[in-house]
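The primary structure of each chain is shown beneath.
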Amino acid sequence: NAGVTQTPKFRILKIGQSMTLQCTQDMNHNYMYWYRQDPGMGLKLIYYSVGAGITDKGEVPNGYNVSRSTTEDFPLRLELAAPSQTSVYFCASTISGSKDYGYTFGSGTRLTVV
Amino acid sequence: EDQVTQSPEALRLQEGESSSLNCSYTVSGLRGLFWYRQDPGKGPEFLFTLYSAGEEKEKERLKATLTKKESFLHITAPKPEDSATYLCAVSWSGSARQLTFGSGTQLTVLP
């Protein structure tokens, strides 16, 4: 049981380049999320999905796109990378129910845009 | 606007010196308050969920409590391995389990 797997772990992009951050989970969780974490700041929600084919914007969606074609995968696309997108990106998942269950987080992708 | 504020930003304790971390929140219709632990270079690790004022949960040296406006994470007789950043987060009624996070308390326990 791998949990939430993120790739790559590190990446350096030049301004204007694009890339996809991969996230996959093997727990059959229906809810998935992308957060970014800047130094000294809390995690900010970028996008989330409540199931395959359903996505919605979070607090800081500009410059990003997502898709959810399967329950397992939730990739995050960066188009035209900017220095402001330098951050650590975390993917997380949870399952719906009568109570809120804690997220399972991936180990993160550290992205630097130069 | 939903807000979560954690204090202090950083805390240094001697091994065995008990203390508390604070998380104050403003949210319309609290669904749950969460505590996570985050080690350097890793993703946050879930610790507790609290749902209603007066609720308490314990895990080893950690005890989380909840009032209508804040939560406390009490650390009893901490050890160096308790050193980490502790994050507080809230979810609200009607949400898709999205969380609003505080900026965390960085705890260092000295041997």
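Bear in mind that the values here come from a model prediction, so they are computed numbers and not experimental data. (Residues numbered from 1 in each chain as written. Chains lettered and ligands numbered in written order. Predicted model: local features only at pLDDT ≥ 70, side-chain atom pairs only at ≥ 80, totals over all residues. Heavy atoms only, no water.)

1. Side note on the sheet that holds strand 3 (residues 19-26) of chain B
Two pairing modes exist for strands in a sheet, parallel and antiparallel, and in both the strands are linked by backbone hydrogen bonds. Residue and element names in this part refer to chain B. If you walk across this open sheet you meet the five strands as 1-3-8-7-6, and the pairing is antiparallel. With one partner strand each, in any of the chains shown, strand 1 (3-7) and strand 6 (56-59) form the two edges of the open sheet. This sheet shows a mean twist of 15 degrees between the axes of neighbouring strands, independent of strand direction. Note: strand 3 against strand 8 (residues 70-75), six bridges, orientation antiparallel. Bridge pairing in strand 8 places Ser20 opposite His74. (Pairing = 2+ DSSP bridges. Helix = DSSP H or I, 4+ residues; strand = E, 2+ residues; numbered from the N terminus. Axes fitted to C-alpha atoms, helices over the stretch in contact; angles between N-to-C directions.)

2. A few points about the state of the cysteines
Two cysteines joined by a covalent bond between their sulfur atoms form a disulfide. Overall, the coordinates contain two disulfides over all chains when judged by the stated rule. Each sulfur in the disulfide pair A:Cys23 and A:Cys91 lies 1.9 Å from the other. Because the sign of the S-S torsion sets the handedness, a value of about -70 degrees for the bond joining A:Cys23 and A:Cys91 places this disulfide among the left-handed ones. Taken together, the residues A:Cys23 in strand 3 (residues 19-25) and A:Cys91 in strand 9 (residues 87-94) connect sequence positions 68 residues apart. Since its relative accessible area comes to 2%, A:Cys23 is described here as buried. Across the disulfide, B:Cys23 is cross-linked to B:Cys88 (sulfur-sulfur distance 1.9 Å). Measuring the twist about the S-S bond at about -60 degrees, one finds the B:Cys23-B:Cys88 disulfide to be left-handed. Taken together, the residues B:Cys23 in strand 3 and B:Cys88 in strand 9 (residues 84-92) connect sequence positions 65 residues apart. Grouping residues by exposure puts B:Cys23 and B:Cys88 together as buried. (Disulfide = S-S within 2.5 Å. Buried < 20%, exposed > 50% of the residue type's maximum accessible area, 1.4 Å probe, protein only.)

3. Details of the sheet that holds strand 8 (residues 76-78) of chain A
All names here are of chain A. In spatial order, the strands read 1-3-8-7; together these four strands make up an open sheet with antiparallel pairing. Each of the sheet's edge strands pairs with one partner strand only, and the pair in question is strand 1 (4-7) and strand 7 (64-66). With strand direction ignored, the average angle separating the axes of adjacent strands in the sheet is 20 degrees. Where strand 7 lies against strand 8, three bridges are found, and the strand directions are antiparallel. Across the sheet, Asn65 pairs through a bridge with Arg77, a residue of strand 8.

4. Focus on the interface of chain B and chain A
Counting from both sides, the interface comprises 20 residues of chain B and, opposite them, 24 residues of chain A. By the criterion of area lost to chain A, the three top residues of chain B are B:Tyr51, B:Arg97 and B:Phe101, representing 33% of everything that side buries. Joining chain B to chain A, the criterion identifies zero salt bridges. At the boundary of chain B with chain A, the tally comes to seven residue pairs in polar contact (both at pLDDT 80 or more). Going through the elements one at a time, strand 4 (30-38), strand 5 (45-50) and strand 9 of chain B are the ones with two or more residues in the side of chain B that touches chain A. When residues in the side of chain B that touches chain A are grouped by element, the largest group, four residues, is from strand 4 of chain B. (Contact = heavy atoms within 4.5 Å. Buried area = accessible area lost by both parts, 1.4 Å probe. Salt bridge = Lys/Arg side-chain N within 4 Å of Asp/Glu carboxyl O. Polar contact = N/O pair within 3.5 Å; in protein donor to acceptor, adjacent residues only side chain to side chain.)

5. A few points about unusual backbone geometry
For the peptide bond that leads from A:Thr7 to A:Pro8, omega is -5 degrees, which places it in the cis range. Tracing the backbone through its elements, the reader meets A:Pro8 in the loop between strand 1 and strand 2 (10-13). Even without glycine at this site, B:Glu60 takes up a positive phi of about 55 degrees. If you trace the backbone, B:Glu60 turns up in the loop between strand 6 and strand 7 (62-66).

These figures come from the coordinates and say nothing about function on their own.
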